[in-house]
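# Chain and residue survey
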Amino acid sequence: MSSPVGFAERYAGSLMNTFGPPKLELVRGEGARVWDADGNEYVDYLAGIAVNALGHAHPALVEAVTAQLQTLGHVSNFFTTGPQLELAEALVEIAGGGARVFFTNSGTEANEAAFKLSRRTGRTHVVATEGGFHGRTMGALALTSKEAYRTPFEPLPGEVTFVPYGDADALAAAVTDRTAAVVLEPIQGEAGVVVPPAGYLAAARRTADETGALLWFDEVQTGMGRTGRWLASEGVRPDVLTLAKGLAGGFPIGACLAFGAAADLLQPGNHGTTFGGNPVACAAGLAVIRTIEQEGLLDRATVLGRRLRDGLGADDRVTEVRGEGLLIGLDLSSEVSAEVVAAALRRGFILNNPTPRRIRLVPPLVLADADVDALLAAWPGILDDAMEGAA
């Protein structure tokens, strides 16, 4: 039974104001579509911010989680379970072998684990990139360049140098024999889907090798099929890799993978977690991987992503289109991204505006052709409404 008090008032009275007022009260979903408490239907091009890889209520995910809860819901990490072992093995295979996994509950926790692992080298300096985003906990925040996120919580841990993203020469100049790790996203998501120049990741690999630093790829947003490949960094092997978001299709999980000698840096007592590697979360992760393979969703992400980039970019009010697969960023001709998101919501589409001029689309990998057709048909009208509203 719905309350006579609106959801916005209930939210303001009971939850901390860390996200601002919610736009909608969502009650159910199916595939790439969701419905609000008033029965309105939306195509979800946000997917929980690149999380719901299989969309909403996918039978494979529902079955996996339900079956696991009927056996073991949780055990401590003094023990292991079949799902934990199987998911770790699957991730090692996806990453090309020669790695070991530490499971967490989120992307920021995966990055915290990687940050701590880097300290075990005996070095403390880290090089990160401008525009990068690695999480909100204190360690991950120390690696995130955005001043609005950082300033209220300084001083932050670590000795961190920020360099322009995509500039291999600036990166090489900043990394020394005191540098523990170089951390970067293969494609920057939070910044609005920023793709580096060709060869940038390989250049970062060479710089790390020359100085003995660890190369750490944050694939929290780009990993697990989002770009039409399991990993956006495919072809360049890091020393550390962090994953989360789409890994379990909406069930909280993260993973820190370390390769070669780096896999031995964390030893008993150095790090831990209560819920990381939970058998239900791991069963969900296995279901996501198997479904992506069985339904050919990597290829589908590539095909649908190309259709969306071509179709949305055809309007001259879109000045640039970037991305791979179903990780798509658009630049607009003026600072109306908030108006675009609002106009899209009125027409039944959930979009995201990471900056005043940029739109980000990260829909489920199960996005239907009809969902793509619907957005492309509505797009000119959405831009019309946004431009008029901003005038």
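Now for a look at the structure at hand. (Residues numbered from 1 in each chain as written. Predicted model: local features only at pLDDT ≥ 70, side-chain atom pairs only at ≥ 80, totals over all residues. Heavy atoms only, no water.)

Under the criterion given, the structure shown has 19 salt bridges. Across the salt bridge formed by R307 and D373, the nearest N and O atoms sit 2.6 Å from each other. Placement of R307 in helix α11 (residues 297–313) and of D373 in helix α13 (residues 369–390) is noted, with a sequence separation of 66 residues between them. Relative accessible area serves as the criterion here: at 39%, D373 is assigned to the partly exposed category. Through salt bridges with shared partners, one network takes in R300, R307, D369 and D373. (Salt bridge = Lys/Arg side-chain N within 4 Å of Asp/Glu carboxyl O. Helix = DSSP H or I, 4+ residues; strand = E, 2+ residues; numbered from the N terminus. Buried < 20%, exposed > 50% of the residue type's maximum accessible area, 1.4 Å probe, protein only.)

With that settled, consider the layout of surface pockets. If you add up the space inside the largest pocket, you get close to 1900 Å³. For the largest pocket, the lining is made up of 49 residues, of which F19, L46, G48, I49 and K245 are closest to its centre. Every element with two or more residues in the lining of the largest pocket is listed here: α2 (47–50), α5 (107–119), α12 (337–346) and β14 (352–355). The class makeup of the residues in the lining of the largest pocket is 23 nonpolar, 17 polar and 9 charged. Surrounding the second largest pocket, 23 residues form its lining, R100, V101, F102, F103 and L266 being those nearest its centre. Going through the elements one at a time, α4 (82–94), β4 (99–104) and β10 (254–259) are the ones with two or more residues in the lining of the second largest pocket. Residue contributions to the lining of the second largest pocket peak at 4 residues, all from β4. The class makeup of the residues in the lining of the second largest pocket is 13 nonpolar, 9 polar and 1 charged. (1 Å grid on protein atoms, 1.4 Å probe; cavity = no way out; pocket = protein on both sides within 12 Å on 5 of 7 lines; lining within 4 Å. Points joined across faces, edges and corners; volume = space filled by probe spheres on them. Nonpolar A, V, L, I, M, F, W, Y, C, P; charged D, E, K, R; others polar.)

Nonpolar side chains in soluble globular proteins tend to end up buried together. Counting residues in hydrophobic clusters, the biggest one holds 85 residues, and the most contacted among them are Y45, L91 and V340. Among the elements that make up this core, the one with the highest residue count is helix α10 (residues 279–294) (9 residues). Those residues in contact with Y45, other than ones at most four positions away along the chain, are L308, F349, I350, L351, L361, V362, P363, L367, D371, V372 and L375. One finds A114, F133, L141 and Y149 within the second-largest nonpolar core, a separate group that totals 22 residues. (Core = buried A, V, L, I, M, F, W, Y, C linked by side-chain atoms within 4.5 Å. Contact = heavy atoms within 4.5 Å.)

Take unusual backbone geometry next. With an omega of 5°, the peptide bond running from E154 to P155 counts as cis. On the secondary structure map, P155 appears in the loop between α7 (147–150) and β6 (159–163). Of note in the backbone geometry, I49 takes a positive phi value of approximately 65° without being a glycine. Examined against the element boundaries, I49 turns out to sit in helix α2. Given a relative accessible area of 33%, I49 falls into the partly exposed group. One non-glycine residue, V193, lies in positive phi territory at about 65°.

This part covers the packing of helix α3 (residues 59–69) against α10. Two numbers describe how α3 lies on α10: the axes approach to 9 Å, and their chain directions differ by 150°. The orientation of α3 with respect to α10, classified from their angle, is roughly antiparallel. For the crossing formed where α3 meets α10, the hand is right-handed. Contacts from A60, L61, A64, V65, Q68 and L69 in α3 reach P279, V280, A283, A284, A287, V288 and T291 in α10. (Axes fitted to C-alpha atoms, helices over the stretch in contact; angles between N-to-C directions. Parallel < 35°, antiparallel > 145°, perpendicular 65-115°, else oblique. Left-handed = near helix turned anticlockwise from the far one by under 90°.)

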